[in-house]
Amino acid sequence: MTTKHQQILEYIRSLPVGSQISVRKIARVLNVSEGTAYRAIKEAEAEGFVSTLDRIGTVRVEKKEKEQIERLTFAEVVRIVEGTVLGGKEGLHKTLSRFVIGAMRTESISRYLSPGCLMIVGNREQVQRMSLKSGAAVLITGGFTASPMVEKLANEYQLPLISCSYDTFTTASLINRALYDRLIKKDILYVEDVLQDQPLVSLRPDDTVRKYYHLVEESGHSRMPVVDANGRLVGIISPRDVAEAELDAPVSRYMTRNPVSVTPKTTIASAAHRMAFEGFEIMPVVKDKDVIGVITRQDVIRALQIMNRQPQVGETVEDVVVRDFSVAQSPDGSTVLRGQVTPQMTTSGGTLATGSLTTIIQEAARVCLRRARHVDMLIENVTLYVLRPVPVDTTIDARARVLNDGRRYAKVEVEIADKSDVFAKALVTAQWIER
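Small disclaimer: the values here were computed from a predicted structure and weren't measured.

### Here's the deal with the overall build of the protein
Then step 1. When its secondary structure is counted, the protein shows 14 helices and 21 strands.
Then step 2. Counted over contacts in the protein with a minimum sequence separation of 6, partners at least 24 positions apart contribute 56%.
Then step 3. Put simply, the protein shows about 22,900 Å² of open surface, and 49% of that area lies on carbon and sulfur atoms.

Next comes the structure, spelled out in structure tokens:
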């Protein structure tokens, strides 16, 4: 049975890209309350196929695929630069391919113009006209407005004409920062990225234990979600639950209620940590209280391997901290991560910050464990003892050695030192993720 919320989402998806959307209109067309319509629009915005803009309203936009996440729509550019749309609002849903700064001679600009790009320029009307006629949107900096002729061209070609109060350099920096952040987010995998489009194998509360065993043989999974008639998750059933159960008894008598689940927007790293910590082979994926699938241990391991193979185009804080550290092998068999404390890693007092120190320790432990066993792992706990502060520009060694390597857990001792002093010691506990 389809809920009103789902009906509204399907209706919004059916609208052409660029359509205006309002709570009142949806409530009237689908005969639902304005509160229900509002919640559905917010859900559509969270999923990325609707965008709300100041002074424009809510617009149906094209959802960006994962591999295209580094690109921005012109609507997002408006929000980033706190701009005003002067014309061509029908093209706000279009995707920005690249931006050009119009700081050159007019006759040289044409070679850089192409459809889908954004011309960032000041109060140069000739360049604005040339850009629009070439299929490029225009962002006017310095708080200048456009002439009626330029606004007419923007509306005619359905290309956004935007004005903002920032100077050209600041505007370009803001857009470049947004693109850079998206390059980092592109490397983050979510449950929805690996969730396979397969029929859900589940049980109803009144199904028998006998049916559970039958589905185990068919699916190969021994842990199974239990859903009600509306597809809502009500429990989980596993071999331990039915070890001494009667075959003709309902699974509702033995299932675990209020089970742990994930959503499509849960990161793979978070799901992996939970599955490893609880020892789960599968976890239900829930959206709007409905079970839409399950994620398996194999799905998580495969995703982690893909993440490790991805080229890191955007740098996170972790990348910045360890990028100049090199790995060496000590004569005593321990693993050494060697590098210099840079100003970016320090506090305002010029000593190594606790966050940077913890990052170096965790990276040293990971490198050491990868040499011990070539499987995926998760850092479970770090117990840190700081003996003395590490000054900026100090070359330090993060020396790691395995203390205990068990079937599920490993413990690593990490020491931070230079040639004369020991600055910190840590005990790192990691959990193996095996198939």
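### Some words on the environment of I268
Then step 1. Examined against the element boundaries, I268 turns out to sit in helix 11 (residues 268-278).
Then step 2. For I268, a relative accessible area of 0% translates into the label buried.
Then step 3. Expressed as a C-alpha distance, the spacing of I268 and D299, which sit 31 residues apart in the sequence, is 9.3 Å.

### Details of the nonpolar core
Then step 1. Ranked by size, the top nonpolar core spans 30 residues in total, and within it L352, I360, I396, V412, V414 and I416 carry the most contacts.
Then step 2. Mapped onto this core, the elements with two or more residues apiece are helix 13 (317-322), helix 14 (354-372), strand 18 (376-386), strand 19 (395-405), strand 20 (409-417) and strand 21 (422-433).
Then step 3. Considering each element in turn, this core owes the most residues, seven residues, to helix 14.
Then step 4. Every residue in contact with I416, bar those within four places of it in the chain, is listed here: L357, I360, I361, I396, D397, A398, V422, F423 and A424.
Then step 5. M275, I295, V300 and A303 belong to the second-largest nonpolar core, a separate cluster that totals 19 residues.

### Side note on empty space enclosed by the protein
Then step 1. What the rule picks out here adds up to one cavity of 30 Å³ or more.
Then step 2. In this structure, the largest cavity occupies an estimated 40 Å³ of space.
Then step 3. If you trace the largest cavity, you find it lined by Y11, L15, Q20, I21, S22, K25 and I26.

### Here's the deal with the packing of helix 6 (residues 125-133) against helix 7 (residues 148-157)
Helix packing for two helices is described by the angle between their axes and how far apart those axes are.
Then step 1. The interhelical angle for the contact between helix 6 and helix 7, taken along N-to-C directions, is 10°, at an axis separation of 10 Å. Judged by the angle between their axes, helix 6 and helix 7 are roughly parallel. Between helix 6, through E125, Q128, R129, L132 and K133, and helix 7, the contact on the second element is made entirely by M149, V150, L153, A154 and Y157.
Then step 2. Of the residues that constitute the contact of helix 6 with helix 7, the class distribution is six nonpolar, one polar and three charged.

### A short note on the pattern of salt bridges
Then step 1. Tallied over the entire structure, the rule returns twelve salt bridges.
Then step 2. Of the charged contacts in the structure, one is a salt bridge between R105 and E107, with a shortest N-O distance of 2.6 Å.
Then step 3. For the salt bridge of R373 with D405, the shortest nitrogen-to-oxygen distance reads 2.8 Å. Linking R373 in the loop between helix 14 and strand 18 with D405 in strand 19, this pair joins segments that are 32 residues apart in sequence.
Then step 4. Taken together, the salt bridges that share partners define one network made up of R338, D397 and R399.

### What about the sheet that holds strand 10 (residues 161-163)?
Then step 1. The strand order across the open sheet formed by five strands is 5-10-9-8-7, and the pairing between neighbours is mixed. Of all strands in the sheet, those bounded by a partner on one side alone are strand 5 (84-87) and strand 7 (99-101). When the angles between neighbouring strand axes are averaged without regard to direction, this sheet yields 25°.
Then step 2. Here strand 7 pairs with strand 8 (residues 118-121) via three bridges, running parallel. Within strand 8, the position partnered with I101 by the bridge is I120.

### Focus on the environment of E82
Then step 1. As for its position among the elements, E82 is in the loop between helix 4 (74-80) and strand 5.
Then step 2. Given a relative accessible area of 58%, E82 falls into the exposed group.
Then step 3. It is 8.2 Å that separates the C-alpha atoms of E82 and S165, two residues lying 83 residues apart in sequence.
Then step 4. Within polar-contact distance, the side chain of E82 engages the side chain of Y166 at 3.5 Å.

### Some thoughts on the sheet that holds strand 17 (residues 335-340)
Note: strands within a sheet are paired through backbone hydrogen bonds, in either parallel or antiparallel orientation.
Then step 1. Strand order in the open sheet formed by six strands is 16-17-19-20-21-18, and the pairing between neighbours is antiparallel. Every interior strand has two partners, whereas the edge strands, strand 16 (326-329) and strand 18, have only one. Across this sheet, the average inter-strand angle for adjacent strands is 25°, counted without regard to direction.
Then step 2. With eight bridges joining them, strand 19 and strand 20 adopt antiparallel strand pairing.

### Some words on helix 10 (residues 209-219)
Then step 1. Listed as buried for helix 10 are V209, Y212 and L215. For helix 10, the angular spread of buried residues about the axis comes to 110°, placing them on one side. What points out from helix 10, more than 90 degrees from its buried face, is the exposed set E217 and E218.
Then step 2. Just downstream of helix 10 lies G220, where phi reads positive at about 85°.

### Comments concerning helix 1 (residues 4-14)
Then step 1. When we look at burial in helix 1, the residues that qualify are H5, I8, L9 and I12. With its buried residues spanning 100° around the axis, helix 1 presents them on a single face.

### Structural notes on the confidence of the model for the protein
Then step 1. In the predicted model, the protein carries a mean pLDDT of 83, and 90% of its residues have values of at least 70.
Then step 2. Per-element confidence in the protein is highest for strand 9 (residues 137-140), whose mean pLDDT is 94, and lowest for helix 12 (residues 297-309), whose mean pLDDT is 70.
Then step 3. Here residues 65-70 is a poorly scored stretch, pLDDT under 50, and it has 13 contacts once near neighbours within four places are set aside; other chains count.

Calculation rules
Residues numbered from 1 in each chain as written. Predicted model: local features only at pLDDT ≥ 70, side-chain atom pairs only at ≥ 80, totals over all residues. Heavy atoms only, no water. Helix = DSSP H or I, 4+ residues; strand = E, 2+ residues; numbered from the N terminus. Contact = heavy atoms within 4.5 Å. Areas by Shrake-Rupley, 256 points an atom, 1.4 Å probe, with all protein chains shown as cover. Buried < 20%, exposed > 50% of the residue type's maximum accessible area, 1.4 Å probe, protein only. Core = buried A, V, L, I, M, F, W, Y, C linked by side-chain atoms within 4.5 Å. 1 Å grid on protein atoms, 1.4 Å probe; cavity = no way out; pocket = protein on both sides within 12 Å on 5 of 7 lines; lining within 4 Å. Points joined across faces, edges and corners; volume = space filled by probe spheres on them. Axes fitted to C-alpha atoms, helices over the stretch in contact; angles between N-to-C directions. Parallel < 35°, antiparallel > 145°, perpendicular 65-115°, else oblique. Nonpolar A, V, L, I, M, F, W, Y, C, P; charged D, E, K, R; others polar. Salt bridge = Lys/Arg side-chain N within 4 Å of Asp/Glu carboxyl O. Pairing = 2+ DSSP bridges. Polar contact = N/O pair within 3.5 Å; in protein donor to acceptor, adjacent residues only side chain to side chain. Arc of directions from axis to C-beta. pLDDT = per-residue confidence, 0-100.

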